[in-house]
Amino acid sequence: MTDLNDAVEGIEFLARSTNRVRILETLSERQGATRGELRDELPASRTTVSRNLAALTERGWVRQIDREYALTPGTDAVVDRFLDLASTVATVDRLRPFLDHVDRDAFDVDLSHLEDATVLTANPGDPLAMVNAHVSAIEGSTDVLLATPFLGLHATEVAHDAVVHGNARHELVAAPDAVDALQDGPEYRQYLDDLRDAEGFELHRATADVPFYVGVLDDTVQVGVDEAGEPRALLETTDPSVRDWARAKIDSFR
């Protein structure tokens, strides 16, 4: 327990000052620097740089040889892991509206692949932001692979136009209730008849639970979450690893 307490105290020492983090990051990138070079590199005063260099040296993370400061052996690993942790915290905070509504056992994506992901949610000025982004992506894509727990009439209409009147290819894996609605609902049936006659459309009834919408639309991955059928958030990313995950996940639903 003492080792853990010491480690947490060390993390706290570093986290209390962004200037300490920047100094360590700069020394790691430059393989060492003088006090003057650090002052030129960092948006901090001479006094701030000097005070934090002294604190890092006393901590044993930095050493001075002649006029140059450098990281002590092993400190580069501390810098890398701390920056990874900071990035993960920032990613989780940014994705919170999505993560609060998704089953993490089913959405088993390494969050490090979502650093550049965006999340859309409803807002007073645009309550259908997620739906509109989903429909827009369908409209602008030529290769579409989707798995969904439920349908949307506007999205179905756009998919119909893209496949029947364009050159898009769509493969849809839908939950049993959604397939029944598509086949039996009069508002959907007019589109389904045309789609079935088109070469670029495939429909599959899911054999496993579909806990969220997931789609690969050209190079973009979308994952949409709902609450009692009400859309809550839509995640979008072009990360290749997430794209591979999405294709595999849709395969598991097929």
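Up top is the structure.
Residues numbered from 1 in each chain as written. Predicted model: local features only at pLDDT ≥ 70, side-chain atom pairs only at ≥ 80, totals over all residues. Heavy atoms only, no water.

Let's talk about the layout of surface pockets
Gaps left between atoms show up when a probe the size of a water molecule is rolled over them.
Here comes step 1: For the largest pocket, the calculated volume is near 580 Å³.
Here comes step 2: Lining the largest pocket we find 32 residues, and of these His134, Thr148, Phe150, Gly152 and Ala155 sit closest to its centre.
Here comes step 3: Of all elements in the fold, only α6 (129–139), β5 (143–148), α7 (153–164), β6 (169–174), β9 (220–227) and β10 (230–237) reach the threshold of two or more residues within the lining of the largest pocket.
Here comes step 4: For the lining of the largest pocket, the class distribution of residues is 20 nonpolar, 8 polar and 4 charged. (1 Å grid on protein atoms, 1.4 Å probe; cavity = no way out; pocket = protein on both sides within 12 Å on 5 of 7 lines; lining within 4 Å. Points joined across faces, edges and corners; volume = space filled by probe spheres on them. Helix = DSSP H or I, 4+ residues; strand = E, 2+ residues; numbered from the N terminus. Nonpolar A, V, L, I, M, F, W, Y, C, P; charged D, E, K, R; others polar.)

Remarks on the sheet that holds strand β7 (residues 201–205)
Here comes step 1: Pairing in this open sheet of 7 strands is mixed, and the strands run β4-β10-β9-β8-β5-β6-β7 from one edge to the other. With one partner strand each, in any of the chains shown, β4 (118–121) and β7 form the two edges of the open sheet. Across the sheet, the mean angle from the axis of one strand to that of its neighbour is 15°, orientation sign disregarded. (Pairing = 2+ DSSP bridges. Axes fitted to C-alpha atoms, helices over the stretch in contact; angles between N-to-C directions.)

A closer look at the pairing of β10
Here comes step 1: Where β4 lies against β10, 4 bridges are found, and the strand directions are antiparallel. The partner of Leu120 across the bridge, within β10, is Leu234.
Here comes step 2: Hairpin geometry of β9 and β10 is characterised by an intervening segment of 2 residues between the two adjacent antiparallel strands and by a positive phi of about 55° at Ala228.

Here we look at the packing of aromatic side chains
Here comes step 1: Overall, the coordinates contain 5 aromatic pairs when judged by the stated rule.
Here comes step 2: Ring geometry for Phe98 versus Phe107: centroids 5.0 Å apart, planes at 70°, classification edge-to-face. For the residue pair Phe98 and Phe107, the accessibility class agrees, reading buried in each case.
Here comes step 3: Measuring from centroid to centroid gives 5.2 Å for Phe107 and Trp245, while their planes differ by 85°, and the two rings are edge-to-face. Remark: Trp245 occurs in helix α10 (residues 240–253) and Phe107 occurs in the loop between α5 (75–99) and β4; sequence separation between them is 138 residues.
Here comes step 4: The class for Phe107 is buried, based on a relative accessible area of 0%. (Phe/Tyr/Trp six-rings, centres within 6.5 Å; stacked < 30°, edge-to-face > 60°. Buried < 20%, exposed > 50% of the residue type's maximum accessible area, 1.4 Å probe, protein only.)

Focus: unusual backbone geometry
Here comes step 1: Notably, Asp66 is not glycine yet its phi reads approximately 60°, a positive angle.
Here comes step 2: Turning to its location among the elements, Asp66 is positioned in the loop between β2 (62–65) and β3 (68–71).
Here comes step 3: With relative accessibility at 70%, the residue Asp66 sits in the exposed group.
Here comes step 4: Unusually for a residue other than glycine, Ala228 sits at a positive phi of about 55°.
Here comes step 5: Checked against the element boundaries, Ala228 lands in the loop between β9 and β10.

Side note on the side chain of Thr72
Here comes step 1: Within the fold, Thr72 resides in the loop between β3 and α5.
Here comes step 2: Judged by its relative accessible area of 14%, Thr72 is buried.
Here comes step 3: Within the structure, Thr72 has its side chain in polar contact with the side chain of Thr75 (distance 2.8 Å).
Here comes step 4: If near-sequence neighbours (up to four positions away) are discounted, Thr72 is found in contact with Gly60, Trp61, Val62 and Arg63. (Polar contact = N/O pair within 3.5 Å; in protein donor to acceptor, adjacent residues only side chain to side chain. Contact = heavy atoms within 4.5 Å.)

Focus on the packing of α7 against helix α9 (residues 186–197)
Here comes step 1: Where α7 meets α9, the axes come as close as 10 Å, and the angle between the chain directions of the two elements is 20°. Judged by the angle between their axes, α7 and α9 are roughly parallel. The handedness of the crossing between α7 and α9 is left-handed. Touching Leu153, Thr156, Glu157, Ala159, His160, Val163 and Val164 of α7 are Glu187, Tyr188, Tyr191, Asp194 and Leu195, all from α9.
Here comes step 2: By residue class, the composition of the contact of α7 with α9 is 7 nonpolar, 2 polar and 3 charged. (Parallel < 35°, antiparallel > 145°, perpendicular 65-115°, else oblique. Left-handed = near helix turned anticlockwise from the far one by under 90°.)

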